[in-house]
Amino acid sequence: MPAANVQSPPTIPPSSSVDDAAAPDEQPPRMGPRDPRHLGKILLEEGAVSHAHLLKAIVMRRRQNVPLGQILLAQDWVTEANLIHALTRQWRTSSVDPAKFPPDARLIDELGAGFCLRNMVLPWRRVANVTFLATSRPENFEAVRQNLPAGFGPVKMLLATESGILAAIMARRSTSLIRRAEQSVQESESCRGGGKGWFGAALAAVTLCGVAAPKATLAALTVWVSLTLLACLVLKILAFCASLAATVQERRDRHSIAAGAITPPQLKGPLPVISVMVPLFHEDGVAEKLIARLSRLDYPRELTDILLVAEENDEVTQAALKGIALPHWIRVVSVPPGPLQTKPRALNYALNFCRGDIIGIWDAEDRPDPDQLHKVARGFAFAGSDVACLQGRLDYFNPRSNWLARCFTIEYASWFRTNLPGIARLGLVVPLGGTTVFLRRNVLEEIGAWDAWNVTEDADLGVRLARRGWRTELLDTTTDEEANCRVIPWIKQRSRWLKGYGATWSVHMRNPMALWRDLGPMRFLAFQVQFLGTLTQYLLAPVLWSFWLLALHLPHPITRGSDISIGGNTLTALIALFVLSEMASLAMNLWSIRAKKHRHLWFWTLTLPLYFPLGCLAAWKAIYETIARPFYWDKTVHGIFEEAEEGDASLANADNDARLPVIGQIGTANGSQRAMQRVAKAG
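Residues numbered from 1 in each chain as written. Predicted model: local features only at pLDDT ≥ 70, side-chain atom pairs only at ≥ 80, totals over all residues. Heavy atoms only, no water.

Can you explain the overall build of the protein chain? Please cite residues and give values.
Along the backbone of the protein chain there are 27 helices and 11 strands. Of the contacts formed within the protein chain by residues at least 6 apart in sequence, a portion of 77% connects residues at least 24 apart. For the protein chain, the exposed surface amounts to about 29900 Å²; the carbon and sulfur share of it is 58%. (Helix = DSSP H or I, 4+ residues; strand = E, 2+ residues; numbered from the N terminus. Contact = heavy atoms within 4.5 Å. Areas by Shrake-Rupley, 256 points an atom, 1.4 Å probe, with all protein chains shown as cover.)

So this is what it looks like as structure tokens:
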């Protein structure tokens, strides 16, 4: 809002509020000396907090490097309004309600909306060359003042609620924030710069060659897919061996600790604030249970910052969240609409509102281990300075749904328990998963966060981290989610992943020499196998399958009616390659499901050769969309499986006894109030 249209605030005594103003033409409020009394004592005098809650908060304050007010808010022991009123008395200043007295938007532009959100400040008005800066964190005001732009002028402090500051900035600068979210990654490393021409040109060339010389083309494709199969097999075996070595070392360490030969390192110092973003989109079947699942976390509430990220025009999800009284440590961030609507775009936007120095991602249907955030804090505390990311394991809570769910569970167990740990141990590029990923915020912002135009932003982020010398480690924690147990949704989901792999490969191969320099020879070659090789195997799998015709002494298209022949040694080598690849996969799968949780799936590993052909359909769908609809996000539908997690009696009871009401009843049914009371009690 232009300054000419803003009325100057009145003169008011310290510890009062601008909301009580009556005379618009008087001088701005003055700030007196700070009250030496403890904040808790002021809150008690005002009846804003009970003695019992204050005592608990003071004890917690001694363990955590968090302001007392933040602890009280996180535990819902004080309201924002009462806290701000007490802080105005303690700091001898005034409070302002940005909704009633809007800020000068030009001042927000001077500081930058991102700076304001990171520091939770709102440049309110400039009167007589003095800028009044509203904050919800008065203890950090001096540090913020020192980081203000040169020439910003004298600054005086006002107080405002955090929710008021956020609302004011979003109301006035959400457009600039969302545009920055769409273009946070430099164009040379973003899918918005194009890159689909690789696959369009390759498909056109293969088609023309196939028409002109079909048998020669088939022979060339056979050589190519055989070489990529061999490369994938070598990488798989190396990762398996590295994972086995890591497992042996972990067992030795545990034995040494149990015998007292090694003392495990102790975590010293305060725990960090961890922000976790949970993107939601059309989650009518999941949102109602999400709060109950999050309430199982045992990380200190004052250090937990959960952001439910929903599109502003997603009426289904917005309606589901509208009537829920969320605890202070869970917030809703509404993402403004735009020409692009993807998960990474929403994450980039919501990143501005995160409080923590560690940023995590969970999906809407996730059930993280209750101690997961403790393990994240410990993992980063003892990780090397070059470790920017910790990737947790993903698992499924519904493997018994049907055959597809069982195969999906085996595939994920092999990927997260054997393949990825081996890849990380080898120092190769780690394609991140879309959930249970935790990153250092400063590194994430340094590399531009997520590419809003990439449909597998997680894998792309792993590549960009590796290119800049950052490492990813696997974390010993598990998040259970819902296995995609229907054929059509499975194909849609897998096609999006493969389309993203293709897009990521084409983007980073725009300048192969630069990629070679950034990754080094070994990681560069492994990158080709991980991305291009994987996509090739899915696309050209029928070419390999066709050679079983020769093994069965049946005619093959490549030899029929031509002088092309495949000798016995060549056929033997091809069959041996097929068999060896299947044996290696079987060994990895059996090793990955050896624990009690997955042991019942061992028989179903034999059926995986019937499962992966679905990926061929997904790959060709991905190629079509890469050319025709490169930025289309094929949403995976959740909430199909309704049963409680096996062995999770607490969640089952919560779902049965105090189940959150279905959409349309939220905020009106008595069940909603009872459910939220249980969540608040758990929190």
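Provide a residue-level description of the sheet that holds strand β4 (residues 274–280), including the pertinent values.
If you trace the 8 strands from one edge of the open sheet to the other, you get β6-β5-β4-β7-β10-β9-β11-β8, paired in mixed fashion. The open sheet has two edge strands with one neighbour each: β6 (330–335) and β8 (367–368). Note that strand β9 (residues 387–396) and strand β11 (residues 471–481) share 8 bridges and pair parallel. Looking at β11, one finds that Y396 is bridged to E481. Sheet strands touched by helix α15 (residues 403–426): β9 and β11. Its angle to β9, the strand with the most contacts, is close to 160°. (Pairing = 2+ DSSP bridges. Axes fitted to C-alpha atoms, helices over the stretch in contact; angles between N-to-C directions.)

Please provide a residue-by-residue account of a nonpolar patch on the surface, values included.
On the surface, L230, V234, L238 and L426 cluster together into a nonpolar patch covering about 320 Å² of accessible area. Among the elements that line the nonpolar patch, the one with the most residues is helix α10 (residues 214–258), at 3 residues. The class of L230 is partly exposed, set by a relative accessible area of 41%. (Patch = residues over 30% accessible without salt bridge, like charges linked within 9 Å, V, L, I, M, F, W, Y side chains within 5 Å. Salt bridge = Lys/Arg side-chain N within 4 Å of Asp/Glu carboxyl O. Buried < 20%, exposed > 50% of the residue type's maximum accessible area, 1.4 Å probe, protein only.)

Hey, could you go over the pattern of salt bridges for me, with residue numbers and the actual values?
Considering all chains together, one arrives at 28 salt bridges under this definition. Across the salt bridge formed by D109 and R173, the nearest N and O atoms sit 2.5 Å from each other. With a gap of 64 residues between them, D109 in helix α5 (residues 105–111) and R173 in helix α8 (residues 162–182) connect regions that are remote in the sequence.

Describe the environment of H374, naming the residues involved and giving the relevant values.
Inspection of the secondary structure assignment puts H374 in helix α14 (residues 372–382). Put simply, H374 and P300 are 74 residues apart on the chain and 9.2 Å apart in space, counted from C-alpha to C-alpha. Beyond its immediate stretch of four places on either side in the chain, H374 contacts L271, D298, Y299 and P300.

Outline the pairing of strand β7 (residues 358–361), listing residues and values.
Taking every second residue as pointing to the same face, both faces of β7 are buried, with I358 and G360 on one and I359 and I361 on the other. Where β4 and β7 come together, 4 bridges link them in parallel fashion. Residue M277 lies in a different strand from β7, and its bridge partner there is I361. Relative to strand β10 (residues 437–440), β7 runs antiparallel, the two sharing 4 bridges. The residue of β10 that forms the bridge with I359 is L439.

Explain helix α17 (residues 457–467) residue by residue, including any values.
Burial analysis of α17 places 11 of its 11 residues in the buried class, the great majority of the element. Residues E457, D458, A459, D460, L461, G462, V463, R464, L465, A466 and R467 constitute the buried set of α17.

Describe in detail the sheet that holds strand β2 (residues 130–135), supporting the description with residues and values.
Pairing is mixed across the open sheet formed by 3 strands, whose spatial order is β1-β2-β3. The strands lining the two open edges of the sheet, one partner per strand, are β1 (121–127) and β3 (155–159). For this sheet the average axis-to-axis angle between neighbouring strands, irrespective of direction, equals 30°. As defined by bridge partners, β2 adjoins β3 across 5 bridges and the pair is classed as parallel. Paired with T131 across the two strands is V155, which belongs to β3.

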